[in-house]
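# Tertiary structure, described
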Amino acid sequence: MMASLSRVLAVLMKEFIQMRRDRLTFAMMIGIPLVQLLLFGYAINTDPRHLPTLVELGDDGPAVRAIIQGMETSAYFDIQGMIAPGETDDALRTNETTFILVVPPNFERDLLRGEQPDILLDVDASDPVAAGAGAGAFPQIVASATAEYGSGAAAAATPVIHRRYNPAGETAMNIVPGLLGIILTMTMAMMTSMALTKEAERGTLETLLATPTRPLEVMAGKIAPYVLVGAMQVILMLLAARYLFGVPFLGGAGAFIIAVALFILVNLSLGFLFSTLARTQMQAMQMTFFVFLPSILLSGFMFPFAGMPGWARFLGEMIPTTHFIRAVRSIMLKGADMADVWPSLWPLMITFAVIATLALTRYRRTLD
Amino acid sequence: MTGIAIEVEGLTKRFGSKTVVDDFSMAVPKGAIYGFLGPNGSGKTTTIRMMCGLLKPDSGTGQALGYDILKQPREIKSRVGYMTQKFSLYGDLTVRENLDFMARLHALPDTRSVVDAALEEYNLTPRARQMADTLSGGWKQRLALAAASLHSPGLLLLDEPTAGVDPKARRDFWDRIRKLSRAGVTVLVSTHYMDEAVQCDFIAYIAYGRKLIDAPSDEIAARVGLHTWRIEGKGLQPVQDALEKADGVDQIARFGSAMHVSGKDADKLERAVRQFEGREGLTVSEAKTGLEEAFIYLMTGAEDNFS
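Rules used in this analysis
- Residues numbered from 1 in each chain as written.
- Chains lettered and ligands numbered in written order.
- Predicted model: local features only at pLDDT ≥ 70, side-chain atom pairs only at ≥ 80, totals over all residues.
- Helix = DSSP H or I, 4+ residues; strand = E, 2+ residues; numbered from the N terminus.
- Rg over C-alpha atoms; globule rule 2.2 N^0.38 Å.
- Domains from an automatic or database assignment.
- Nonpolar A, V, L, I, M, F, W, Y, C, P; charged D, E, K, R; others polar.
- Axes fitted to C-alpha atoms, helices over the stretch in contact; angles between N-to-C directions.
- Parallel < 35°, antiparallel > 145°, perpendicular 65-115°, else oblique.
- Contact = placed C-beta atoms within 7 Å.
- pLDDT = per-residue confidence, 0-100.

### Points about the overall build of chain A
Helix and strand counts for chain A come out as 14 helices and five strands. Relative to the compact-globule value of 21 Å for 368 residues, chain A shows a C-alpha radius of gyration of 26 Å, a clear excess of over 25%. Structurally, chain A occupies a C-alpha span of about 90 × 55 × 35 Å along its principal axes.

### Thoughts on unusual backbone geometry
Residues and elements named next belong to chain B. For Asp23, which is not glycine, the phi dihedral falls at a positive 50 degrees. Residue placement: Asp23 occurs in strand E2 (residues 18-29). Phi at Glu160 takes a positive value of approximately 40 degrees, unusual for a residue other than glycine.

### Some points on the domain arrangement of chain B
Under the domain assignment, chain B is made up of domain 1 (4-221) and domain 2 (227-288). Distance from the C-alpha centre of domain 1 of chain B to the C-alpha centre of domain 2 of chain B: 39 Å.

### A word on the domain arrangement of chain A
How big an interface is tends to be stated in terms of accessible area lost as the parts join. Residue and element names in this part refer to chain A. Here chain A is described as being made up of domain 1 (51-164) and domain 2 (171-362). The centre of domain 1, based on its C-alpha atoms, is set 38 Å off from the matching centre of domain 2. Listed by contribution, the elements that provide at least two residues to the side of domain 1 that touches domain 2 are strand E1 (51-57) and helix H6 (128-145). It is H6 that contributes the most residues to the side of domain 1 that touches domain 2, three residues altogether. Its residues assigned to classes, the side of domain 1 that touches domain 2 shows five nonpolar, four polar and two charged.

### A word on the packing of helix H2 (residues 23-43) of chain A against helix H11 (residues 281-297) of chain A
Residue and element names in this part refer to chain A. For the pair H2 and H11, interaxial distance at closest approach is 11 Å and the crossing angle is 5 degrees. Relative to H11, H2 is oriented roughly parallel. Residues Leu24, Thr25, Met28, Ile32, Val35 and Leu39 of H2 pack against Gln283, Gln286, Leu293 and Leu297 of H11. A class-by-class count of the residues in the contact of H2 with H11 yields seven nonpolar, three polar and no charged.

### Examining the confidence of the model for chain B
Per-residue confidence for chain B gives a mean pLDDT of 90; residues scoring 70 or more make up 97%. Reported confidence for the predicted complex is 0.83 by ipTM and 0.80 by pTM.

And the structure:
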C-alpha cells in the first residue's frame, strides 16, 4: 500500500476550501491568537502600577510630603486626593481606591522627637496580586524619605501595612468569587445559545412553529431550565468556596441574589442573541468564545483590572463579567451591601436591556 | 366556502431578488388528495409553508379551512397537520415522548389516550420506547405522519413525505393517506414519484415558481395535448438518433427495450414513427401518454420560457 501524494493533496485542498468558506471558524483561527497576543502583550500586567491611592492627612510637613513624593515616583501609587478620617472604610469597600495612606496627627513632631511614629498604609488586599507590589515597596519608600531624621540603622518612622479583607493574602479569596462570574458566563451563554440553535439546525423549529405555540412560549420553556441550572451552579460554588477554600461571605444576601439574577439574565439574553445569529451549534459555541476570552482576560478575573492601560480598562468596562465580578467580590469579601455595589449593578441592567432588545427584534416568528 | 379546503390567489414570495413563487393560485376541494408536483427548487415547499402560516407571502391572499392565511395563522396551525420534508421531530426523544410533546403543544385534552390511540393506529406501540433517531426511514415517516395528524386536522400538508423511503413503506404510507382521505381529511402532498401522482385525485404541476397545469390527474395527459407512440425491439439507438432529428417528434423516453416517442402534432408524429414500421425486430404501436411524459414535456417548455 502506497500513500498517494495526489490524494493527500486533494484532501488538503478540499480542507482549505472548506476552511475559507466557514468565515466564523476562519475568524477564530486568525482572530483569537491575535487578540490574545495583543491582550497579553499590551493590556495584561501582573505587576500593576499606578493604583489609585488616597491620603488621610492627619499632619502635614516636609517628611509627609517626602513620603508622598516617594510613593508617586515609585510608580506603584497614583495619589488621587485626600480623604476624611471617617470615610476610609467606604472608599475601600466601594472599590474607589486600592490604597489609603494614613498620616497620624503629630507625625512630623513625633518624627523630629525620634519617637518613630507609625505611618499606616490601608490596603485593599482582596486582590493580593494587585496590591502586593505597592504594599511591598511601601516600607522602603518610608525609610528612604525619612532617612535624614533617623540615627544610624534605626528607622525614623514605623510603616504599618494593614491588609484589609484578605490579611493572609490568599489568592483563592479573590479567584473563587471571580470564578463564579466566569462559570456563569461560560455555561449560561453557551448552553442557551446552543440549545436554541439546535432546534433550528435540526429542523425541529419548523415543527414547533407549525403548531399554535407562540414564540414567547418556546423561549420561556427553553430558557427556564437554564435559569435553574445557573442557580444550582451558584449554590454549589458558594458551598465549595465556603467549605473548601474558607472564602467568607460577609455582605448582604439580598444584594448578592440581585447581582446573580441580573447576571444570569444578561448571559441568557446573550445566548439568545447568539442563537438568532448562528446557524449551527458550532457557530453558537464559537460566538460564545469571542465573549468568553475577553471576559477572562479583561474583567479583572485573572489579572488586576487596575493594572491595565486605559483603553483596556475601557474595554473591560464594556464586559458584563467585569461588573459582576466586582460586585460579587465586594459583597463576599468586603461585606458590601446594595448601595455599595450599585455602581456595578446598573451597568448590568443596561446591558441586559440592550441585549434583550436586540435579541427580541432579531427573533424570527416565521421561517422568513 | 363549503367544498373548498384551500383557496389561494396570486401568492408571490421573493427571497432577496429571486422570485420563488410567482402569482400562484389554486383551489383544493375538501376531502381530495391533491398532488403537488414539480422539479426540485420549483417552490413547492415555499408554497406549502405559506399555506400554513410559516412564511408570509409578499403578495396574494388565501384561506385554508375558512381562515385567512395572512391574518389567522394560529387558527390554521391548530387545524392543519404539516409534515416537513426533512424529519423534524426530536431524535433524542422516544416515539412516545415525541407524540406526547406534540399533543401538549396542541393543548389536546387527555394527552395519554390520544397518544395511545395514535401509537395503536400507526402500529408504533412496540416501538413506543425507541429513540426516534434509531428508527429506519420508513418508520420515521410513519411517526411523522402520526405526529402531524395527532390533533385530527381537517387538512394535511405533506412535503415529500416518501422521499428516500423503500417501496413497501411507501405503499403503506399511501394506504394511510387514502384512509385519512376517506375519513374526510383533505390531503395536499408533494412528490416526485409518478406511481404516487396517479393516486392523487388532482395534480398541480409547478416549475420555476409558476403553476404550469392544474387538473384532475386522469385529464393531465389530454390537457397537455401530447400524443405518444411506442417502439419496441432491439437496436433502438440508431432509431432514436434518427427520430430525434425528425419533424414532429418533441421528446423521446427510453425504457430498456422500448421507447416512447411523443409530439404535439399527431399527424407529423405518426409519419415520423411509421417509417420504422415493418423493420426487422421492431414493433410500432400507438400508446397512451403517461404523466411522466406529460410533465417532462411541460418542464422542457418551461425551461425555454424561463431560462
